[in-house]
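# Summary of the model geometry
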Amino acid sequence: MSSRIEQIIDEIEEYVDSCKFQPLSSTKIVVNKEELEELLRELRMKTPDEIKRYQKIISNKDAILADAQTKADAMIADAKAQQEALVQEDEVMRTAVNQAQQLMDETRQQAQELLDSATNDANNIRMSAISYTDDMLANLEQVMAHANESISAKYESFMSAIQSSYEIVNKNRMELSPQINASGSYTQTQNAAEEEYEEA
């Protein structure tokens, strides 16, 4: 919508175009002074109001632009803050994931080391038990072998002593036999004793 000043200017232009040229001139015209002054007077009266209106519009425009700029700056600042927060959050998340993965790897390594150590200890205990058992059995074997040898030697010595005693007894009886009654009872007793000894 055009302002009143613009309308007055249009009216002045129309008025000038409607005026007649002076005789013998193509540039000078004849005007009605009062009518032209009236248009100019109204133009002067309207100009301050229009200027104020334009100034107000310009001020409002500046205020609107300033407010829009302020809001835009705030939106940009908020977006940057959110971006930085997201970047920090992402960095924290990556750090947390890396720390969790590192902790998991260390835990697995410690668990494997513990398992290896337990396996080695179990193997060492098993070998120690086998070695100890083998030593005990070796000692028992030596004791039993020694006992067997000792018993055998004592048995042979015992049998040798019995044989020697038997021979002495038999010799003594043989020496006494001529003096025994010829009834034969002693001889029968001697033969029975010899048979028992041989069976033993």
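Residues numbered from 1 in each chain as written. Predicted model: local features only at pLDDT ≥ 70, side-chain atom pairs only at ≥ 80, totals over all residues. Heavy atoms only, no water.

### Quick word on the overall build of the protein chain
What the protein chain contains, in helices and strands, is three helices and two strands. Reading the protein chain from its N end, one meets helices and strands in the order α-β-β-α-α. Burial status across the protein chain gives 6% buried among its 200 residues. Contacts in the protein chain between residues far apart in sequence, at least 24 positions, make up 53% of those at least 6 positions apart. Summing over all exposed atoms, the protein chain offers an accessible surface of approximately 17200 Å²; the carbon and sulfur share of this is 57%. (Helix = DSSP H or I, 4+ residues; strand = E, 2+ residues; numbered from the N terminus. Buried < 20%, exposed > 50% of the residue type's maximum accessible area, 1.4 Å probe, protein only. Contact = heavy atoms within 4.5 Å. Areas by Shrake-Rupley, 256 points an atom, 1.4 Å probe, with all protein chains shown as cover.)

### Remarks on a nonpolar patch on the surface
Nonpolar side chains collect at one region of the surface, where Tyr 155, Phe 158, Met 159 and Ile 162 lie side by side and expose about 380 Å² of accessible area between them. Among the secondary structure elements, Met 159 is positioned in helix H2 (residues 33–176). For Met 159, a relative accessible area of 33% translates into the label partly exposed. (Patch = residues over 30% accessible without salt bridge, like charges linked within 9 Å, V, L, I, M, F, W, Y side chains within 5 Å. Salt bridge = Lys/Arg side-chain N within 4 Å of Asp/Glu carboxyl O.)

### Digging into the nonpolar core
Judged by nonpolar contacts, Ile 5, Ile 8, Ile 12, Tyr 15, Cys 19, Leu 39 and Leu 43 together constitute the single largest core of seven residues. When contributions to this core are tallied by element, the ones reaching two or more residues are helix H1 (4–18) and H2. (Core = buried A, V, L, I, M, F, W, Y, C linked by side-chain atoms within 4.5 Å.)

### Considerations on a negative patch on the surface
The grouping of Glu 6, Asp 10, Glu 13, Glu 14 and Asp 17 at the surface amounts to a negative patch. Secondary-structure assignment places Glu 14 in helix H1. Residue Glu 14 is classed as exposed on the basis of its relative accessible area, which comes to 56%. (Lys, Arg positive; Asp, Glu negative; His and termini not counted. Charge placed at Lys NZ, Arg CZ, Asp CG, Glu CD.)

### As for the pattern of salt bridges
In the structure shown here, the tally under the stated rule is five salt bridges. Ionic pairing is found between Glu 38 and Arg 41, a salt bridge with its closest N-O pair at 2.4 Å. Of the two residues, Glu 38 and Arg 41 are both situated in helix H2; the distance of three residues between them amounts to about one turn of the helix. Overlapping salt bridges bring together Asp 90, Glu 91 and Arg 94 as one network.

### Some words on the confidence of the model for the protein chain
On average, residues of the protein chain score 79 in pLDDT, and 82% of them are at 70 or above. Of all secondary-structure elements in the protein chain, the lowest mean pLDDT belongs to helix H3 (residues 185–199), at 58, while strand S1 (residues 20–21) reaches the highest, 88. (pLDDT = per-residue confidence, 0-100.)

### Examining H1
Helix length check: H1 (15 residues) gives 21 Å between terminal C-alpha atoms against 21 Å at 1.5 Å per residue, within 8%. Listed as buried for H1 are Ile 5, Ile 8, Ile 12 and Tyr 15. Viewed end-on, H1 has its buried residues packed into an arc of 80°, placing them on one side of the element. Opposite its buried face, H1 presents the exposed residues Glu 14, Asp 17 and Ser 18, each directed more than 90 degrees away. (Expected span 1.5 Å × (residues − 1). Arc of directions from axis to C-beta.)

### Some points on unusual backbone geometry
A positive phi angle, close to 65°, is found at Leu 24, a residue other than glycine. Within the element layout of this structure, Leu 24 appears in the loop between S1 and strand S2 (29–30).

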